[in-house]
Amino acid sequence: MGTKILMAMFLPALLVVLFTRITYSRTIAMLLTIALIAGSSYKGYTGSWYVIIVDAASLTLGLWYVNRYMKNYTEKQRGIA
């Protein structure tokens, strides 16, 4: 159970950042990450609701970081910063 919680803390946030770097789209990155979490929940890899809640919190933190990253990226592309 400890490994599942530890992975739930970091993996969704890292996946959102990775998918955003690949696709340059926050929406696509979020949808891909949610699809992976839903697929793993469907297959039974998540043990309890607590793991799903930690997944959602990590996804939220990942989106917060990506929003900051994309804001800085677009400002640099426009020559503002």
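Reading the values: the criteria
- Each chain carries its own residue numbering, running from 1 in the direction its sequence is written.
- Only residues with pLDDT of at least 70 get local features here, since the model is predicted, and only at 80 or more are side-chain atom pairs given and counted; chain-wide, interface and lining totals rely on the full set of residues.
- To obtain the side-chain values, all non-hydrogen atoms of the structure were included, while hydrogens and water were left out.
- Secondary structure follows DSSP: runs of H or I at least 4 residues long count as helices, runs of E at least 2 residues long count as strands, and numbering of each begins at the N terminus.
- Under the convention used throughout, the expected extent of a helix is 1.5 Å for every residue step, that is, one less than its residue count.
- One fitted axis covers the seven residues ending at a residue, a second covers the seven starting there, and the bend at that residue is the angle between these axes.
- Partly exposed residues are those whose accessible area sits between 20% and 50% of the maximum for their type, while under 20% is buried and over 50% is exposed, using a 1.4 Å probe and protein chains only.
- Contacts are assigned to residue pairs that have any heavy atoms within 4.5 Å of one another.
- For patches, a residue must show more than 30% relative accessible area and have no salt bridge; joins then use 9 Å for like charges and 5 Å for nonpolar side chains, namely Val, Leu, Ile, Met, Phe, Trp and Tyr.
- Only the protein chains shown count as cover for residues, and all accessible areas are computed by the Shrake-Rupley method using a 1.4 Å probe.
- The working definition used for a salt bridge is a side-chain nitrogen of Lys or Arg within 4 Å of a carboxyl oxygen of Asp or Glu.

Within an unreviewed UniProt entry, the label attached to the protein chain reads Protein CsbA, and the organism entered is Jeotgalibacillus malaysiensis.

Asker: How would you sum up helix α1 (residues 2-23)? Please name residues and give values.
Answerer: The terminal C-alpha atoms of α1, which comprises 22 residues, lie 32 Å apart, in line with the 32 Å expected from a rise of 1.5 Å per residue. Along α1, the largest kink reaches about 30° and is centred on A8; proline P12 follows within four residues of it. When α1 is considered as a whole, its buried residues turn out to be I5, A8, P12, A13, V16, F19 and T20. Buried residues belonging to α1 abut α2 (26-43) and α3 (49-78). Following α1 by one or two positions, Y24 has its phi on the positive side, about 55°.

Asker: Tell me about a nonpolar patch on the surface, and please be specific about residues and values.
Answerer: Together, L6, M9, F10 and L14 make up a nonpolar patch on the protein surface, roughly 420 Å² of accessible area in all. By the secondary structure assignment, L6 is in helix α1.

Asker: Tell me about unusual backbone geometry, and name the residues and values.
Answerer: Positive phi, normally seen in glycine, also occurs at Y24, with a value near 55°. Note that Y24 resides in the loop between α1 and α2.

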